[in-house]
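Take a look at the letters that make up each chain.
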Amino acid sequence: SNGVSAKAWLASIAFLFALVQLVSALIMYGKLPIKSPSWIGTLHRWSGRIAVLVSVPVAVHCLYALGFSSGSPRALVHSIFGTVFYGAFVAKMIVLQRPKSPWWELHVLGGTVFTGLTVLWLTASLWYFTTKGFVV
């Protein structure tokens, strides 16, 4: 019904795919008692791509329509973590292209990307849904 509602729903879709990223990474690295199926890497890559692609219109609207905000603690945290999310994402993509990177770099950056998106979702979409309702 409006741009803010669309952003809340798109960010929720991105967060859902980030959860798929988390679970698939835990399976790939043997942190869950599940045998890693042959397709788990493909699922992990594509869920990440979709999460980022769905988040781009949200980020563009936030940057150009609203900008960096320190008007409230929620807005300040949201603005900071928007920067953290995309910065960590770019760094992760660079590390993926460097096969001799220390193993921990990918794990730290992946965790930072997930944490960033989680905080973004909590401070925007969840806040929107709890204050405005589930507007479609």
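It should be noted that the structure appears before, not after, this text.
Read on for a plain summary of the structure.

The rules behind each value
Residues numbered from 1 in each chain as written. Predicted model: local features only at pLDDT ≥ 70, side-chain atom pairs only at ≥ 80, totals over all residues. Heavy atoms only, no water. Helix = DSSP H or I, 4+ residues; strand = E, 2+ residues; numbered from the N terminus. Rg over C-alpha atoms; globule rule 2.2 N^0.38 Å. Buried < 20%, exposed > 50% of the residue type's maximum accessible area, 1.4 Å probe, protein only. Areas by Shrake-Rupley, 256 points an atom, 1.4 Å probe, with all protein chains shown as cover. Polar contact = N/O pair within 3.5 Å; in protein donor to acceptor, adjacent residues only side chain to side chain. Contact = heavy atoms within 4.5 Å. Phe/Tyr/Trp six-rings, centres within 6.5 Å; stacked < 30°, edge-to-face > 60°. Axes fitted to C-alpha atoms, helices over the stretch in contact; angles between N-to-C directions. Parallel < 35°, antiparallel > 145°, perpendicular 65-115°, else oblique. Left-handed = near helix turned anticlockwise from the far one by under 90°. Nonpolar A, V, L, I, M, F, W, Y, C, P; charged D, E, K, R; others polar.

Quick word on the overall build of the protein chain
Assigned secondary structure in the protein chain consists of four helices and zero strands. Listing each helix as α and each strand as β along the protein chain from the N terminus yields α-α-α-α. Expected size for 136 residues packed as a compact globule is a radius of gyration near 14 Å; at 16 Å, the protein chain falls within 12% of this value. Relative to its full complement of 136 residues, the protein chain shows a buried share of 33%. Within the structure as shown, the protein chain displays about 8400 Å² of accessible surface, and the carbon and sulfur contribution to it stands at 74%.

Here's the deal with the side chain of threonine 123
The topology assignment puts threonine 123 in helix α4 (residues 103–132). From its side chain, threonine 123 meets the backbone oxygen of leucine 120 in a polar contact 3.4 Å long. Excluding anything up to four places from it in sequence, threonine 123 contacts Arg74, Val77 and His78.

Observations regarding the packing of aromatic side chains
Taken as a whole, this structure holds five aromatic pairs when the rule is applied. Between phenylalanine 85 and tyrosine 86 the ring centres are 4.7 Å apart and the planes differ by 80°, which places this aromatic pair in the edge-to-face class. Residue phenylalanine 85 is classed as buried on the basis of its relative accessible area of 2%. Given the relative accessible area of 25%, tyrosine 86 is considered partly exposed.

What to know about the packing of helix α3 (residues 73–96) against α4
The interhelical angle for the contact between α3 and α4, taken along N-to-C directions, is 150°, at an axis separation of 8 Å. The orientation of α3 with respect to α4, classified from their angle, is roughly antiparallel. The crossing of α3 and α4 is left-handed. Residue composition of the contact of α3 with α4, by class: 17 nonpolar, six polar and three charged.

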